[in-house]
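Each chain, written out:
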Amino acid sequence: MLFTAPHGGGKTHILETVKDAYLSTVPVALIDLAPSQHLDAGHAPVLGRAASQGECVVDALYHLMVGLASANVSFRRLRFPRLVPGLVAALSVRMPAPTDDPDWRLLEQRAASLMSAFSRRGPRDWLPGHEPELTDVEWPEDVARVLVRALLGKAAPSRFLQLPRTRRPSALDWYSRRFSLDDGYLALADLVKQYHEAETRRRAESTLLAAFFDDLADHYEKIRGPGPLVLLDNADTALGEDLLDLVFSVREERREALPDPLVILATARHGDLRSLHGRGRQSVRVEPVPPLSYADVVAVLGESRRVHVPGGNLAAIPQAIHRVTQGNPYGVRVLCEAVARSDEQPVAHRLLSLSVSDGLSSAEQLLARLVPGRGTGELLTLLSAARDEPAARALAEWRYKGIGGDRYADALEVHRLGESSRPLGATGLFADPFLHTLLIHELRRRCADEESRHWNWAGIHTFLRDHYRTRGDDASVPAELHHSLALGETTDVVRQLTDRFRAGTVAQWLRELRQVACAPHPPSVEDIRQAVAGGECDSSTGGDDLARTVGRLLHALWRALDLEAGPPDTELIDGVAADLERLAQVHPQDLPLLRHAAKRWPEALCTVRPLGFDLLSP
């Protein structure tokens, strides 16, 4: 099963809950496949792993083996007689040849530690100290064979290389058959060579995974009951995709062998994984993790404050938290704790500016967690202003002259900005409205900082507006107006929208109106959207009744679609319905459509996800 949710969406919590529930019942292994994460939490570097090798399937396989082999009185302890010799061989190739070199002695000691980790005495801790700097050498086949024999012969007790039942061949015989060789040590030497050649590494990893599955199947051949449980966090990373792809391939390869009992639960930000395409993979169930409800937010806020949420102005805070976070569990927790610690009366539109620990604002703490990868936060903040990939790429080139394309490609790889599975109404490049709101908040903060000379709100949106103007097609006009509105040029935007209403189709105009109204409000500019929407001032500067109606409607939507600004009030929502009814009188041929919008839009704008409704649905 694959659980999907954006960053901070509760995926890791689900796996940790499952682990806690089953740890005393079956063997369980939980690993995080995000870069540099599955080696944390006290795990030592994998045996003999050179820095140039990076994180790979074998690293993950090692930690899965260690987790599943943990001792427990409730079930017979798992051993991996096939897998361990292969791991030791594959991960030792970059060591110098057998000499008195201290690096070699350290390798032998760690090999012994790895072997003894699955003896009756239980696992040993790794030796203290850091991984040594190792020298790469060219290895002829006979040297590789000597290495493997030295490691497996000297470091491991002979009984370790025997499979659990005496009627079965040894683990070395298993490798001999796998490589069609008479000598098991030569087979392991071939595994060594395959693992460290880029074009054959996948074959070596397949061999090790097959050994893993055969060890599991052998252990559970006569055991009735649930099998071991593997929990893979962040399976949408490159390492996660490679591991799952190998799992499916090896299971297909050994479909005639004893079935393996392994149960796998994984998490990802989306369900469109490369590894899920192909034969035999339709059995994977993709289950989106639902966001928190309003009642959940009230409960978390009440717990954070240790009191029930009182009435008055504070009653709007849970709704504002729910709306800005879109129910993201991590976002809800951070904002609720920030409200609880605040010495001042919290205000709905200031939630992302509340102070949290270490002098950070709540938005800064959230971005530090929700934006993966080092160095991508600044770039994603910039790209949050763009509406599509061509505009974002052009913006990156403009901002980072000469290296913009490379930086954009890195961000695309890290964050999957252009996901094909973006939900209806997703803002710009980002599938997650909460993340987009955080990035726009950060962009507004940086541009408002007088000491931040490299961040200029007007420069960014002027560049993007000009980008769409140079396209010269009618379809680019709404995006152009979007950036004009972000620049505060409301009079010109109202005029052009009014002209397009008179000349175009109502259905297309309604879609364009929402695209324009999703523009972010400029920093350091007084927010008069509510006043204009209520008719207290005019944005059309001398326009006729139609222009004033379009101006009120635009400002009402601009305010209502701003998740950070807090929930819209009843007066503003009623104004949207009234102005749509007035527009229906101008376009009598489209009266049913506009009256439908007058009924449907106010309902949708009051929901927690105002960006996610279909404007023209029945």
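Here, every reference points to the structure presented above.
Residue positions are counted from 1 within each chain, in the order its sequence is given. The model is predicted, so local features are restricted to residues of pLDDT at least 70 and side-chain atom pairs to those at 80 or more, both for listing and for counting; the totals for chains, interfaces and linings are taken over all residues. Based on all heavy atoms of the structure, the side-chain values leave hydrogens and waters out of the count.

A. Geometry of helix α25 (residues 591–605). Under the scheme used here, helices are H or I runs from DSSP no shorter than 4 residues and strands are E runs no shorter than 2 residues, and both carry numbers assigned from the N terminus. Helix span, expected: 1.5 Å multiplied by one less than the number of residues in the helix. Along its 15 residues, α25 runs 21 Å from first to last C-alpha, staying within 8% of the 21 Å computed at 1.5 Å per residue. Residues of α25 that are buried include every one of Leu-594, Ala-597, Ala-598, Trp-601, Pro-602, Ala-604 and Leu-605, and no others. For this analysis, residues touch if any pair of their heavy atoms sits within 4.5 Å. Of the surrounding elements, those touching the buried residues of α25 are α11 (316–325), α21 (506–517), α23 (545–560) and α24 (570–586). The rule is simple: take the accessible area with a 1.4 Å probe, protein chains only, and divide by the maximum for that residue type; under 20% is buried, over 50% is exposed, in between is partly exposed.

B. Layout of a negative patch on the surface. On the surface, a cluster of negative charge is made up of Glu-536, Asp-569, Glu-571 and Asp-574. Overall, the relative accessible area of 47% leaves Asp-574 in the partly exposed class. By definition, no residue in a patch forms a salt bridge, and every one has over 30% relative accessible area; like charges are joined within 9 Å, nonpolar side chains (Val, Leu, Ile, Met, Phe, Trp, Tyr) within 5 Å. Areas reported as accessible are Shrake-Rupley estimates using a 1.4 Å probe. Residue values count occlusion only from the protein chains shown. Salt-bridge detection follows one rule: a side-chain nitrogen of Lys or Arg within 4 Å of a carboxyl oxygen of Asp or Glu. For the charge count, each Lys or Arg is scored as positive and each Asp or Glu as negative, with His and the chain ends excluded. Charged groups are reduced to one reference atom each: NZ for lysine, CZ for arginine, CG for aspartic acid, CD for glutamic acid.

C. Spotlight on the pattern of salt bridges. Here the structure, examined in full by the defined rule, presents 31 salt bridges. For Arg-446, the salt bridge identified is with Glu-442, shortest N-O distance 2.8 Å. Separated by four residues within a single helix, Arg-446 and Glu-442 lie in helix α17 (residues 433–448), roughly one turn from each other. The closest approach of N and O atoms between Arg-500 and Glu-512, which form a salt bridge, is 2.9 Å. Of this pair, Arg-500 sits in helix α20 (residues 490–503) while Glu-512 sits in helix α21, placing them twelve residues apart in sequence. Just as Arg-500 is buried, Glu-512 falls in that class too. One network of salt bridges, in which partners are shared, links Asp-492, Arg-495, Asp-499, Arg-502 and Asp-544.

D. View of the packing of aromatic side chains. Any two rings among Phe, Tyr and Trp, with Trp reduced to its six-membered ring, count as a pair given centres within 6.5 Å; such a pair is stacked if its planes are under 30 degrees apart, edge-to-face if over 60, and tilted if neither. The tally for this structure, following the rule as stated, stands at five aromatic pairs. Where Phe-80 meets Phe-212, the ring centres are 5.6 Å apart and the plane angle is 5°; that geometry is what we call stacked. Highlighted residues: Phe-80 in the loop between α2 (57–68) and α3 (83–90) and Phe-212 in helix α8 (residues 201–219), separated in sequence by 132 residues. As far as burial versus exposure is concerned, Phe-80 and Phe-212 are alike and both buried. A ring pair is formed by Phe-212 and Phe-213, whose centres lie 5.7 Å apart and whose planes are at 55°; its orientation type is tilted. Each of the two residues, Phe-212 as well as Phe-213, counts as buried. Ring-pair connections join several aromatic residues into one group, and the members of that group are Phe-80, Phe-212 and Phe-213. Seen from the ring of Tyr-330, Arg-369 lies directly overhead, with NZ or CZ sitting 4.5 Å from the centre. In this scheme, the term charge over a ring applies when either NZ of a lysine or CZ of an arginine sits within 6 Å of the ring centre and within 35 degrees of the ring normal. A cation over a ring is seen here: Arg-399 above Trp-455, with NZ or CZ 5.6 Å from the ring centre.

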